[in-house]
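# Coordinate inspection notes
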Amino acid sequence: MFNFIKLINPKKAISIFVLGLVSGGVSFLFLSFINLMVGIILSKQNTSSINYIIYFCILLFGFVWSRRALSYIIIKFSQQVFWKLRSEVLHTLLAANFYQITHRKGKIYASLVRDVGVLTGFSLSIINFLSALVMTVGCLVYLGMQSTPLLLMTLGVSVFGTVIYWIGVYFNNKKLKYSRELEDGFMKSLLDVLDGFREIHMNPGIGHDIYDRKIRKISNESYLNNTTALANFLNVQIIGEVLFYSLIASILFFSSYFIQESPESIVKYIFILLYLLGGINSLMLIIPQIVNVRIAANKINQLRQDLHTETFDNLKETSQLSIAEFNELDMYDISFRYAGTEESKENNNGFAVGPINFSIKKGETVFIYGGNGSGKTTLINVMLGTLKGHAGTIKYNDIIVDSKNYNNYRALFSVVFSDFYLFDELYGFDTIDKDQIDEYLELFELKDKVTFNNQSFSSNQLSTGQRKRLALITALIRFKPILVLDEWAADQDPIFRKKFYTEIIPLLKDKGYSVIAITHDDKYYHLADKLYKMENGQLSLNFTEGLAKKEVVKL
Ligand SMILES: Nc1ncnc2c1ncn2[C@@H]1O[C@H](COP(=O)(O)OP(=O)(O)OP(=O)(O)O)[C@@H](O)[C@H]1O
C-alpha cells in the first residue's frame, strides 16, 4: 500500500507500539481501579484510603505521560507522512511528461488535497486505535479470568458483529470508491472556475452553467452516494451495538443460569462489557478509514504510475554545452503521432507530423510558419522533448541523441512558449549576471518599469507584451545555445516588433544564439537564414541563405 508502511522506520514503529500498549494498559488499569472501587462500595467498605488516592495519582501520571508521549510521536509521524506524501507527488509531477499533467490537473489536485489528507488523518487515528485495541484485549482477558462462559458468549457476539460489519464494508467499498471518483470531477470543475475566472467574470452565464451542469450534479450525486455509504456504516454499527446490549441484557436476565456468582461480580462484568463496547466501537470506526486509506493510497499509486516516466533527479541536466561549444542540431526523419481519442485509437488516427528533416547551425535564425493546426507547436514540443515517443534520429554536434545524453540534449534549449508562464522569482540559476540583465532590460525597453533585485524582478504589474519581453530576458540569461520562440512577437506593438526582427535577432545572432521562431510575421520572413513551412504535419524548406529571399517576401 503506497509507501505508507515504508514511512515508519522500525525504531519509531516499536516506540509507537510500546507507547500504545502502555497507554491502553493504563486505561485498562483505570477500569480495573474503578471496578475495584465499585466492589468496595458494594461491599460497603471504606473507599477513602490514602493508598487508593496514591494508586489513582500514579495511574493518572502514567496516563498523562504515555498519552502525551504517544500523541507527540504520532503527531510528528503524521506531519512527516503529510509532507513526505506531498513532496513525493510533487516530485512525480516534476518528472512527468507535460501532456500527462495537463490532462490530469483535477486528479493531481484531488490527490494532493484529499488523498494526502486521508493518509495523514489515518496516521493520527493510530493513537486511538492502539489504545482501543489494548483496552479490548485487556477487557477480554479480564472477562476470561472471571468467567469462561461469559468470555465465550462475548467473543461469539463480537465475531458475529465483526462479520456483519465486514459485510457492510464490502458493500460500501464501491460507494467510497465512487465518492473518490466524484472528487476528481469536482476538482476539475473547480480548476475550470479558477483558471477561467476572467471569462466567467465577463460572462457569468459560464459560471452558472459550470455550477448547474457539473458542480451541482457532482454534489447531488456525492451527497446521495456518501449519505448512503455512511448510513450503511452506521446501520452495521447499530447492529453491533444492539448485539452487545442484548448480550448485557441476557446476562442480566439469565445471570443465575450463566454465572453462579455474586451480584457484585455481575455489576463488574457489565461494567467491563460497557467498556469493551466502547473499545470495539473505536476499532470498528477505524474500518471505514482503512477503506478510505486503501482507496487514497491506490489513487496516489495510480497517479504515480500514470505520471511516472523518469525520476526527478534523472531529469537534472548533467552537462550543458555553452553557446560557443554548440555547432549544429540535425533532425532526420522525425515523426510523431498523438494517441488520438479513445474512439479513434484503434484507427490510430491522432494527428501526426513527419517524417521531418530539419537542421540549425550555430548563430542561425530559423523561422517556421504555417496555418493553424498544421503542426508547428507539435514539432517544437517533439524537438524539446515535451512530447515523447517520436521516431527518427536527432543529432547535436554529430552526437546521436539517446537516453544517456538526452538531458544534455534538452539542456541546449531555452524556450518562450506562446502560453508562457512567468515565475515570480528566477529559479534554476547557479549564478545570475546582473549587468547582463540590466543590459537586456534596456534593450527590451523595460528599464523604467522593472528592476532586478534578490533573484526577482521588481514589477509584475506589466502588460502582456511587456511580460513576454521579461520572459524572453529570463530565457536569454540562461545562456543556452538554442532559443525557441513560439509566436513571441505576436503580442508586441508594430514598432517593437520591427525592433525585435531587425535589431534584437541580429544582436542575438552576434552573441552566438541560434534562434528557432514560429512566426506569422511574413513581413520579416526574409530576415531568416532558413525558412521552413509546415503544412499538414509536413515540414518543407522554403529557402536557405543565399536563395532568392524576395520570392518569400511575397508569400
Ligand atoms: N494534446 C494533443 N492531443 C492530440 N492532438 C493534438 C494535441 N495537441 C494538438 N493536437 C492536434 O495537432 C494538430 C497540430 O496542432 P499544433 O498545436 O501543433 O498546431 P500549430 O501549427 O502550432 O497551430 P497554431 O498556429 O494554431 O498554434 C492539431 O490539429 C491538433 O488538433
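Keep in mind that this is a model prediction, so the values were computed, not measured. (Residues numbered from 1 in each chain as written. Predicted model: local features only at pLDDT ≥ 70, side-chain atom pairs only at ≥ 80, totals over all residues. Heavy atoms only, no water.)

### Some thoughts on the overall build of the chain
Secondary structure summary: the chain contains 15 helices and 12 strands in total. Relative to its 555 residues, the chain shows a buried fraction of 45%. A sequence separation of at least 24 residues applies to 78% of the contacts in the chain between residues at least 6 apart. For the chain, the computed accessible surface area is about 29,600 Å², with 59% contributed by carbon and sulfur atoms. (Helix = DSSP H or I, 4+ residues; strand = E, 2+ residues; numbered from the N terminus. Buried < 20%, exposed > 50% of the residue type's maximum accessible area, 1.4 Å probe, protein only. Contact = heavy atoms within 4.5 Å. Areas by Shrake-Rupley, 256 points an atom, 1.4 Å probe, with all protein chains shown as cover.)

### Re the pairing of strand E3 (residues 365-370)
Looking along a regular strand, one sees the side chains alternate between the two faces of the sheet. The buried fraction of E3 is high, at six of six residues. Bridge analysis of E3 against strand E11 (residues 530-535) gives five bridges, and the strand direction is parallel. Following the sheet pairing, Gly370 is matched in E11 by Met534. (Pairing = 2+ DSSP bridges.)

### Thoughts on the side chain of Ser66
Mapped onto the elements, Ser66 comes out in helix H2 (residues 50-95). Among the residues examined, Ser66 registers a relative accessible area of 0% and is labelled buried. There is a polar contact of 3.3 Å between the side chain of Ser66 and the backbone oxygen of Phe63. When near neighbours in sequence (up to four residues on either side) are disregarded, Ser66 contacts Leu19, Val22, Ser23 and Val26. (Polar contact = N/O pair within 3.5 Å; in protein donor to acceptor, adjacent residues only side chain to side chain.)

### Focus on the site of the ligand
By nearness alone, 13 residues border the ligand, and Gly373, Gly375, Lys376, Thr377 and Thr378 come closest of all. A distance of 2.5 Å is found between an oxygen atom of the ligand and a side-chain nitrogen or oxygen belonging to Thr378. For the shell around the ligand, the element with the most residues is helix H10 (residues 376-384), which contributes three residues. Residue composition of the shell around the ligand, by class: three nonpolar, eight polar and two charged. (Near = heavy atom within 4 Å. Nonpolar A, V, L, I, M, F, W, Y, C, P; charged D, E, K, R; others polar.)

### A few points about the packing of aromatic side chains
Here the structure, examined in full by the defined rule, presents 22 aromatic pairs. Through a chain of ring-to-ring contacts, the aromatic side chains of Phe367, Tyr440, Phe444, Trp488, Phe496, Phe500, Tyr501 and Tyr524 assemble into a single cluster. Seen from the ring of Phe496, Arg469 lies directly overhead, with NZ or CZ sitting 3.8 Å from the centre. (Phe/Tyr/Trp six-rings, centres within 6.5 Å; stacked < 30°, edge-to-face > 60°. Lys NZ or Arg CZ within 6 Å of the ring centre and 35° of its normal.)

### Here we look at the confidence of the model for the chain
In this model, the chain carries an average pLDDT of 82, and 90% of its residues clear a pLDDT of 70 or more. Across the chain, the secondary-structure element scoring lowest on mean pLDDT is helix H15 (residues 549-553), at 46, and the one scoring highest is strand E10 (residues 514-518), at 96. Between residues 550-555, whose pLDDT stays under 50, and residues either more than four places distant or in other chains, the model counts nine contacts. (pLDDT = per-residue confidence, 0-100.)

### Observations regarding unusual backbone geometry
The backbone of Asn397 shows a phi angle near 45°, a positive value even though the residue is not glycine. Here Asn397 shows up in the loop between strand E4 (391-396) and strand E5 (399-400). A positive phi is found at Phe479, a non-glycine position, where the angle reads about 50°. One can find Phe479 in the loop between helix H13 (464-476) and strand E9 (482-486). Owing to a relative accessible area of 31%, Phe479 belongs among the partly exposed residues under this scheme.

### Observations regarding the sheet that holds strand E1 (residues 328-337)
If you walk across this open sheet you meet the four strands as E2-E1-E4-E5, and the pairing is antiparallel. Bordering the open sheet on either side are strand E2 (352-361) and E5, each of which pairs with just one other strand. Relative to E5, E4 runs antiparallel, the two being bridged by two bridges. Of the residues in E5, the one forming a bridge with Lys395 is Ile400. Set on the sheet, H10 makes contact with E1 and E2; between it and E1 the angle comes to about 115°. (Axes fitted to C-alpha atoms, helices over the stretch in contact; angles between N-to-C directions.)

### Concerning the pattern of salt bridges
Counting across every chain of the model gives 19 salt bridges. Ionic pairing is found between Arg180 and Asp184, a salt bridge with its closest N-O pair at 2.7 Å. Here Arg180 and its partner Asp184 are both found in helix H5 (residues 148-195), four residues apart, which amounts to about one turn of the helix. Accessibility expressed as a relative area gives 8% for Asp184, which makes it buried. (Salt bridge = Lys/Arg side-chain N within 4 Å of Asp/Glu carboxyl O.)

### A few points about a nonpolar patch on the surface
On the surface, a nonpolar cluster with roughly 710 Å² of combined accessible area is contributed by Ile14, Phe17, Val18, Leu21, Val22, Phe61 and Trp65. With five residues, helix H1 (residues 10-42) is the single largest residue contributor to the nonpolar patch. Tracing the backbone through its elements, the reader meets Trp65 in helix H2. On the basis of relative accessibility, which here comes to 49%, the residue Trp65 falls in the partly exposed class. (Patch = residues over 30% accessible without salt bridge, like charges linked within 9 Å, V, L, I, M, F, W, Y side chains within 5 Å.)

### Quick notes on the pairing of E9
Where burial is concerned, most of E9 is hidden: five out of the five residues are buried. Of the two faces of E9, the one lined by Ile482, Val484 and Asp486 and the one lined by Leu483 and Leu485 are each fully buried. With five bridges joining them, E9 and E10 adopt parallel strand pairing. Directly across from Ile482, in E10, lies its bridge partner Ser514. Where the polypeptide runs from E9 across helix H14 (residues 494-511) and back to E10, its parallel neighbour, the crossover connection is right-handed. (Right-handed = clockwise from strand over helix to strand, strands pointing away.)

### Here's the deal with the packing of helix H12 (residues 434-443) against H14
Running from N to C, H12 and H14 point in directions that differ by 150°, and their axes come no closer than 12 Å. Relative to H14, the element H12 is oriented roughly antiparallel. Across from Gln436, Glu439, Tyr440 and Leu443 in H12, the residues of H14 making contact are Phe496, Lys499, Ile504, Leu507, Leu508 and Lys511. (Parallel < 35°, antiparallel > 145°, perpendicular 65-115°, else oblique.)

### Focus on the packing of H2 against helix H4 (residues 105-146)
Two numbers describe how H2 lies on H4: the axes approach to 9 Å, and their chain directions differ by 160°. Overall, the two elements H2 and H4 adopt an arrangement that is roughly antiparallel. Two packed elements cross with a definite hand, and for H2 against H4 that hand is right-handed. (Left-handed = near helix turned anticlockwise from the far one by under 90°.)

### Topic: the environment of Lys523
One can find Lys523 in the loop between E10 and E11. The exposure class of Lys523 is exposed, given its relative accessible area of 58%. Residues Lys523 and Lys498, 25 residues apart in the sequence, show an inter-C-alpha distance of 9.5 Å.

### A short note on the environment of Tyr109
Tracing the backbone through its elements, the reader meets Tyr109 in helix H4. Residues Tyr109 and Glu183, spaced 74 residues apart in sequence, show a C-alpha to C-alpha distance of 9.6 Å. Sequence-distant contacts of Tyr109, defined by excluding residues within four places in its chain, comprise Arg114, Met187 and Leu191.

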